[in-house]
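Remarks on the overall topology
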Amino acid sequence: MNNIECITDAVHDPAIDLKPVRRALLSVTDKTGLVEFARALAGHGVELVSTGGTSKALREEGLTVRDISDLTGFPEMLDGRVKTLHPKVHGGILHIRGNEGHVASVTEHEIQAIDMVVVNLYAFEKTAAKVGVSAAEIIENIDIGGPSMVRSAAKNFEDVAVVTAVADYAGLAEEMAANEGQLGRATRWRLAKAAFSTTAAYDAGIATALEALVVTDNPHDAAVFDKEALPKTVRVIEPQSVVLRYGENPHQLAALYSDGSGKGVAGAKQLQGKELSYNNLVDLDACWELVSEFDETAVVIIKHTNPCGASTGDSVLDAYTRALAADPVSAFGGVLGINREVDGAAAEEIAKLFVEAIVAPSFTADALARFGAKKNLRLIQIAPAETPRVIKQISGGLLVQTADRKHITAEDLKTVTKRPPTPEELRALLFSWSICKHVKSNAIVYGRFHEGHGQTVGIGAGQMSRVDAARFGAMKAVLPLSGTVAASDAFFPFPDGLEVVAQAGATAVIQPGGSMRDNEVIEAADRLGLAMVFTGVRHFRHG
């Protein structure tokens, strides 16, 4: 049967759901599973048409492949920049099989039908992220022909199947095997939607990267990206990863969307336990962000995004014991963040408390065995992820800001009182400041440096006034407040909050400074015998 007869035979009643695949164009960057899928297609008599490296890979495995240049009658050129941008490719994809005018036109020009397009795109973002990559190499890795074919095939999904994900190969092979080499309309529609999502995400990645790319006069200079620059256009295109049971409350719908990096909370691996809820994920993220502040071994216990206990320690067990001691009542039903591998000794102790989830870089086999009896406990293994920007939706738009990555050291502090902090107070102040950064405003954190480690004592979170935050933090304290220090996420507008802190037993204070009444507050600190340092940095956290 000649090619024109193939096209004529491909005209179908639109009401028929199944459509045959007689010719497939394959051009992929990721060749995972390619050979097996191509063999499945060939087993149904599908003619394989391919390009460059894809064609070579298939031939090396003994498959019969037709070069794209044979289909188009035109050689690949411009170092591969032009190979599929041709009427005989796009006409073969785009013509409507049930449209007499379309069929007549492709017949006249001897354009052969392409019923399946298998394409995945140049790994642009991976290339852009390479160390030492040049601007010229980044630009060269912008795929043109691939997205064009994908869009053409997706637009004509009634007649053409477009395959952009390796994960779809096996299912499509099974469906074709069950239907004599044909695919259903519902499948073609699903593939088309995924294809448009793929090209949208691809273009968004290019646009976002190029906006931040600093271009020099020499295109071969190593690429430099301004990671702090806010984009002119915000593009949030991330595929749905998991449909959650519900949102913050049972009447709300919710889903998790992931960037596919396998990093951060969205890409973390769940080792055991019930499925994660919306609130679990929010708490886990807050937990991991806070515990990642520390270089030393640390454990944080989070409840409703606020820490209720946090400590560093000689071991995970030591840090956990100290964190729990800060507020054992609130810790019940909380989420734990641990910045070290969790071992059996720590797991043995943690298992005595009811917690919803634990996030850590890894768990030993002994720890997993000890947690195994608590089937509902969610264990989350995480790889760190960089989050350069924070995006919050408001009615009518989005708010975007750079992430709060500011770290304060002893050298950044300015002592403003007559008495400077002692070395022990200074360590406690820096520890408490790191915790306060992750507490909802207005926030006051009472902490101490006890037996060589930082430990929270009382946390006043999310209060409408700073003096109330100071009172609430003291009220929440289980451990002795005498000799603690206090961290305030913003300045004291009046001396009253400082007076509450002193009455509670704190001996030193860390705060940003910058109030119109700083002099009054400093005078009060001197009168109360407090040591006080200014950071010059505020850490409001509004959610």
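Reading the values: the criteria
Residues numbered from 1 in each chain as written. Predicted model: local features only at pLDDT ≥ 70, side-chain atom pairs only at ≥ 80, totals over all residues. Heavy atoms only, no water. Helix = DSSP H or I, 4+ residues; strand = E, 2+ residues; numbered from the N terminus. Rg over C-alpha atoms; globule rule 2.2 N^0.38 Å. Buried < 20%, exposed > 50% of the residue type's maximum accessible area, 1.4 Å probe, protein only. Contact = heavy atoms within 4.5 Å. Areas by Shrake-Rupley, 256 points an atom, 1.4 Å probe, with all protein chains shown as cover. Lys, Arg positive; Asp, Glu negative; His and termini not counted. Charge placed at Lys NZ, Arg CZ, Asp CG, Glu CD. Polar contact = N/O pair within 3.5 Å; in protein donor to acceptor, adjacent residues only side chain to side chain. Core = buried A, V, L, I, M, F, W, Y, C linked by side-chain atoms within 4.5 Å. Pairing = 2+ DSSP bridges. Expected span 1.5 Å × (residues − 1). Arc of directions from axis to C-beta. Salt bridge = Lys/Arg side-chain N within 4 Å of Asp/Glu carboxyl O. Domains from an automatic or database assignment. Nonpolar A, V, L, I, M, F, W, Y, C, P; charged D, E, K, R; others polar. Axes fitted to C-alpha atoms, helices over the stretch in contact; angles between N-to-C directions. Parallel < 35°, antiparallel > 145°, perpendicular 65-115°, else oblique. Left-handed = near helix turned anticlockwise from the far one by under 90°.

Things to note about the overall build of the protein
- Broken down by element type, the protein carries 20 helices and 25 strands.
- Relative to the globule expectation of 24 Å for 543 residues, the C-alpha radius of gyration of the protein, 30 Å, shows a markedly less compact shape.
- With the C-alpha coordinates of the protein rotated into their principal frame, the extents come out at 100 × 60 × 40 Å.
- Across the 543 residues of the protein, 47% fall into the buried class.
- Here the analysis covers contacts within the protein between residues at least 6 apart in sequence; of these, 57% occur between residues at least 24 apart.
- When the accessible surface of the protein is totalled, it reaches about 26,000 Å², and 53% of it is carbon and sulfur.
- Here the protein holds 53 positive side-chain charges and 67 negative ones, and the gap between their average locations is 3 Å.

Some remarks on the environment of Arg370
- In this structure, Arg370 sits in helix α16 (residues 365-371).
- Those residues within four positions of Arg370 in sequence are excluded, and the remaining contacts are Gly344, Ala347 and Glu348.
- A polar side-chain atom of Arg370 sits 3.5 Å from the main-chain carbonyl oxygen of Gly344.

As for the nonpolar core
- Among the nonpolar cores identified, the biggest contains 52 residues, and Leu26, Leu41, Ile93, Met116, Val117, Val118 and Phe124 are the most heavily contacted of them.
- Looking at this core element by element, the count peaks at six residues for helix α11 (residues 185-212).
- With sequence-adjacent residues up to four places away left out, Val118 is seen in contact with Leu25, Leu26, Ser27, Val28, Phe37, Val163 and Tyr169.
- Residues Val265, Leu276, Ile408 and Ala461 belong to the second largest nonpolar core, which totals 42 residues.

A word on the sheet that holds strand β3 (residues 47-50)
- Here we have five strands laid out as an open sheet, ordered β4-β3-β2-β5-β6, and parallel in their pairing. Among the strands making up the open sheet, the edge pair consists of β4 (66-67) and β6 (161-163).

Some points on the environment of Ser27
- For Ser27, the position within the fold is in strand β2 (residues 23-28).
- Along the primary structure Ser27 and Ser50 are separated by 23 residues, whereas in three dimensions their C-alpha atoms are 5.8 Å apart.
- Leaving out residues up to four positions away in the same chain, Ser27 has contacts with Thr51, Thr54, Val118, Val119, Asn120 and Met149.
- Side-chain polar atoms of Ser27 contact the side chain of Thr51, separated by 2.8 Å.

Overview of helix α12 (residues 278-291)
- Between its terminal C-alpha atoms α12 stretches 20 Å, which fits the 20 Å expected from 14 residues at 1.5 Å a residue.
- In terms of burial, α12 is largely enclosed, as 10 of its 14 residues are buried.
- Residues of α12 that are buried include every one of Asn280, Leu281, Asp283, Leu284, Ala286, Cys287, Trp288, Glu289, Leu290 and Val291, and no others.

Here we look at the side chain of Ser50
- With respect to the element layout, Ser50 can be found in strand β3.
- The class of Ser50 is buried, set by a relative accessible area of 1%.
- Polar side-chain contacts of Ser50 include one of 3.1 Å to the backbone nitrogen of Ser55.
- Excluding residues that lie within four positions of it along the chain, Ser50 makes contacts with Leu26, Ser55, Leu58, Val65, Arg66, Asp67 and Ile68.

Quick word on helix α3 (residues 52-60)
- Among all positions in α3, only Thr54, Ser55, Ala57 and Leu58 are buried. Buried residues of α3, seen end-on, are gathered within an arc of 165° and therefore sit on one face of the element. In α3, the exposed positions angled more than 90 degrees off the buried face are occupied by Lys56 and Glu60.
- Those residues of α3 that are buried are in contact with β2, α2 (34-43), β3 and β4.
- Of the residues trailing α3, Gly62 is marked for its positive phi of about 85°.

Digging into the side chain of Asp518
- Residue position: Asp518 is located in helix α20 (residues 518-528).
- Buried and without a salt bridge, Asp518 has Lys414 as its closest oppositely charged side chain, separated by 8.2 Å.

Quick word on the environment of Gly452
- Positionally, Gly452 belongs in the loop between β21 (444-450) and β22 (453-460).
- The class of Gly452 is partly exposed, set by a relative accessible area of 44%.
- Along the backbone, Gly452 and Glu424 are 28 residues apart, and their C-alpha atoms lie at a distance of 8.9 Å.

Side note on the domain arrangement of the protein
- Domain parsing of the protein yields domain 1 (18-224), domain 2 (259-381) and domain 3 (410-534).
- Computed over C-alpha atoms only, the centres of domain 2 and domain 3 are separated by 27 Å.
- Listed per partner, the contact involves 21 residues of domain 2 and 19 residues of domain 3.
- Here Asp327 ties to Lys476 by a salt bridge, and the two come within 3.4 Å at their closest N and O atoms.
- Applying the counting criterion to the domain 2 and domain 3 interface returns 15 residue pairs in polar contact (both at pLDDT 80 or more).
- Residues that form the side of domain 2 that touches domain 3 fall into these classes: eight nonpolar, seven polar and six charged.

Let's talk about the pairing of strand β13 (residues 298-303)
- Judged by how many residues are buried, β13 sits mostly within the fold: five of six residues are covered.
- Between the end of β13 and the start of strand β14 (residues 306-312), which pair antiparallel, lie two residues, with His304 showing a positive phi angle near 55°.
- Sheet topology note: the β13/strand β15 (residues 334-338) ladder contains four bridges and is antiparallel. Paired with Val299 across the strands is Ile338, a residue of β15.

Some thoughts on the packing of helix α9 (residues 145-155) against α11
- Contact pair α9 / α11: the axes reach a minimum separation of 9 Å and the direction vectors enclose 150°. When the interaxial angle is binned, α9 and α11 end up roughly antiparallel. The hand of the α9/α11 crossing is left-handed. Contact residues: Pro147, Val150, Arg151, Ala154 and Lys155 in α9; Ala192, Ala195, Phe196, Thr199 and Tyr202 in α11.
- Residues that form the contact of α9 with α11 fall into these classes: seven nonpolar, one polar and two charged.

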